[in-house]
Amino acid sequence: MKKRIISFVVALMMILSMLPTATYAAEPVSITVGTATVEPGKTVTVDVNIAGASAAALMAAYFEADFDAALTLNSVKLSDAATQVGFTFGQNNLSEGIIQIDGAPSGSNISDGVFFTMEFTASETASGSYSVSLKCLNDSEENVNDGNEAVPCSFTAGSVTVGSTDTDDTTYNPDLEINIWTLSGTTGFGMAQLMDKTEK
């Protein structure tokens, strides 16, 4: 009898081990850095968007920004939507690219959209496109919510393009020339002729 009971218990354990394990992780959060264009030596604001999050699911976020030395991170600002539900900044260290966001009271919701903005200044010698990315601090892929549950995060990098933002809509025709001359014996009077060199 004892052998039958032991065999049944072993078989039951084997069956249970094959069943899928339930997980209780919080909903995933998507963080997307926007794009912007700026002239050398000027400042520009880059949006950071959030999707799939609520204040209860993301009580605190510790981000590390990664960007080229041609850009200087001057400041970060929470969006109105994030501020209204109670998000605040913690101990930011912008010189190291560290951004700490303390969460809102549990149960408050934040809709998809702009989470916060980053203001950069491009150096006078900067030129081209520079990647701007975020990640969880200490190379972690998740934060922790108020229920001590892991909050998985996915990140999409953005960029800042440094170059002239002026556009010249003037159309030039290299085959046109202007001849200007004055009439003999006159003062302050002349004539101009616009010629198409391709017809010569």
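A brief report on the enclosed structure follows. Since this is a predicted model, take the numbers as computed values, not measurements. (Residues numbered from 1 in each chain as written. Predicted model: local features only at pLDDT ≥ 70, side-chain atom pairs only at ≥ 80, totals over all residues. Heavy atoms only, no water.)

**A closer look at the overall build of the protein**
Helix and strand counts for the protein come out as two helices and 14 strands. Contacts in the protein between residues far apart in sequence, at least 24 positions, make up 67% of those at least 6 positions apart. As displayed, the protein has an accessible area near 12,800 Å², and 53% of this comes from carbon and sulfur atoms. (Helix = DSSP H or I, 4+ residues; strand = E, 2+ residues; numbered from the N terminus. Contact = heavy atoms within 4.5 Å. Areas by Shrake-Rupley, 256 points an atom, 1.4 Å probe, with all protein chains shown as cover.)

**Structural notes on the sheet that holds strand E12 (residues 158–162)**
Across the sheet, which stays open at both edges, the six strands sit in the order E2-E12-E9-E4-E7-E6 with mixed pairing between neighbours. Only two strands of the sheet have a single partner each, and these edge strands are strand E2 (35–38) and strand E6 (88–89). Of the pairings in the sheet, the one linking strand E4 (residues 60–67) to strand E9 (residues 128–136) comprises five bridges and is antiparallel in character. Within the sheet, the bridge partner assigned to Phe67 lies in E9 and is Val132. (Pairing = 2+ DSSP bridges.)

**Considerations on the nonpolar core**
Phe63, Ile101, Phe115, Phe116, Met118 and Leu134 are the most contacted members of the largest nonpolar core, which has 39 residues in total. The element that contributes the greatest number of residues to this core is strand E8 (residues 113–122), accounting for five residues. Not counting the four nearest positions on each side in its chain, Met118 is found in contact with Val33, Val44, Thr45, Val46, Val48, Ala65, Leu73, Ser75, Val76, Ile99, Val132 and Leu134. (Core = buried A, V, L, I, M, F, W, Y, C linked by side-chain atoms within 4.5 Å. Buried < 20%, exposed > 50% of the residue type's maximum accessible area, 1.4 Å probe, protein only.)

**Observations regarding the packing of aromatic side chains**
Applying the stated criterion across every chain yields a total of five aromatic pairs. Centre to centre, the rings of Phe63 and Phe116 are 6.2 Å apart; their planes meet at 20 degrees, and the pair counts as stacked. Of this pair, Phe63 sits in strand E4 while Phe116 sits in strand E8, and the two are 53 residues apart along the sequence. Note on accessibility: Phe63 and Phe116 belong to one class, buried. Chaining the aromatic ring pairs together yields one cluster made of Phe63, Phe87, Phe115, Phe116 and Phe155. (Phe/Tyr/Trp six-rings, centres within 6.5 Å; stacked < 30°, edge-to-face > 60°.)

**Here we look at the environment of Ala157**
In this fold, Ala157 is placed in the loop between strand E11 (150–156) and E12. Between the alpha carbons of Ala157 and Asp66 there is a distance of 9.4 Å; along the sequence they are 91 residues apart. In this structure, Ala157 is in contact with Val33, Ser131, Val132 and Ser133, ignoring residues within four places of it in sequence.

**Observations regarding the pairing of strand E3 (residues 43–51)**
Residues Val44, Val46, Val48 and Ile50 point to one face of E3 and are all buried, whereas Thr43, Thr45, Asp47, Asn49 and Ala51, pointing to the other face, are not buried. Two strands pair when backbone bridges link them, and strand E1 (residues 29–33) and E3 are joined in this way by four bridges, in the antiparallel orientation. Each residue of the ladder has a partner; that of Ser30, found in E3, is Ala51. Across eight bridges, the pairing between E3 and E8 is antiparallel. Bridge pairing in E8 links Val48 to Phe116.

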